[in-house]
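What the coordinates show
In case you want the letters, here they are:
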Amino acid sequence: MEVSVRDNNVDQALRALKKKMQREGIYREMKLRTSYETPSARKKREKAESVRRHRKLMRKRMDRDGF
């Protein structure tokens, strides 16, 4: 990941880097890797994330289609 510093403005470049890392999910992955997660807990978490994404997609479709 690369962020360029313009006009010696390091603070702005740092904000851009943090935003990119947030969008990529790096912070979330680092948090998950700090401790061991059992395979069953991992499956449960991934299933819940999948359900959440699916519900969000359906909600957006309903809003867009007007149902």
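See the structure printed just above.
Please read these numbers as outputs of a predicted model, since none were measured by experiment.

1. Some thoughts on the overall build of the protein
- Across its full length, the protein carries 3 helices and 0 strands.
- Secondary structure of the protein in N-to-C order comes out as α-α-α.
- Taking 11 Å as the expected radius of gyration for a compact globule of 67 residues, we find that the protein reaches 18 Å, considerably beyond that expectation.
- Here the C-alpha coordinates of the protein stretch approximately 50 × 40 × 15 Å along the principal axes.
- Buried residues in the protein amount to 4% of all 67 residues.
- Total accessible area on the protein stands at roughly 6800 Å², and carbon and sulfur atoms take up 51% of it.
- One finds the centroid of the 22 positive side-chain charges in the protein at a distance of 6 Å from the centroid of its 10 negative side-chain charges.

2. Examining a positive patch on the surface
- Together, Arg15, Lys19, Lys20 and Arg23 line one region of the surface with positive charge.
- One can find arginine 23 in helix α1 (residues 10–24).

3. Some points on the pattern of salt bridges
- As enumerated under the stated definition, the model contains 6 salt bridges in all.
- For the salt bridge of glutamate 49 with arginine 45, the shortest nitrogen-to-oxygen distance reads 3.1 Å. In this pair, glutamate 49 and arginine 45 both sit in helix α3 (residues 39–65), 4 residues apart, roughly one turn of the helix.
- Taking relative accessible area as the criterion, glutamate 49 reaches 13% and is therefore assigned buried.
- Among the ionic contacts, a cluster of salt bridges with common partners joins Arg28, Glu37, Arg45 and Glu49.

Criteria and thresholds
- Residues numbered from 1 in each chain as written.
- Predicted model: local features only at pLDDT ≥ 70, side-chain atom pairs only at ≥ 80, totals over all residues.
- Heavy atoms only, no water.
- Helix = DSSP H or I, 4+ residues; strand = E, 2+ residues; numbered from the N terminus.
- Rg over C-alpha atoms; globule rule 2.2 N^0.38 Å.
- Buried < 20%, exposed > 50% of the residue type's maximum accessible area, 1.4 Å probe, protein only.
- Areas by Shrake-Rupley, 256 points an atom, 1.4 Å probe, with all protein chains shown as cover.
- Lys, Arg positive; Asp, Glu negative; His and termini not counted.
- Charge placed at Lys NZ, Arg CZ, Asp CG, Glu CD.
- Patch = residues over 30% accessible without salt bridge, like charges linked within 9 Å, V, L, I, M, F, W, Y side chains within 5 Å.
- Salt bridge = Lys/Arg side-chain N within 4 Å of Asp/Glu carboxyl O.

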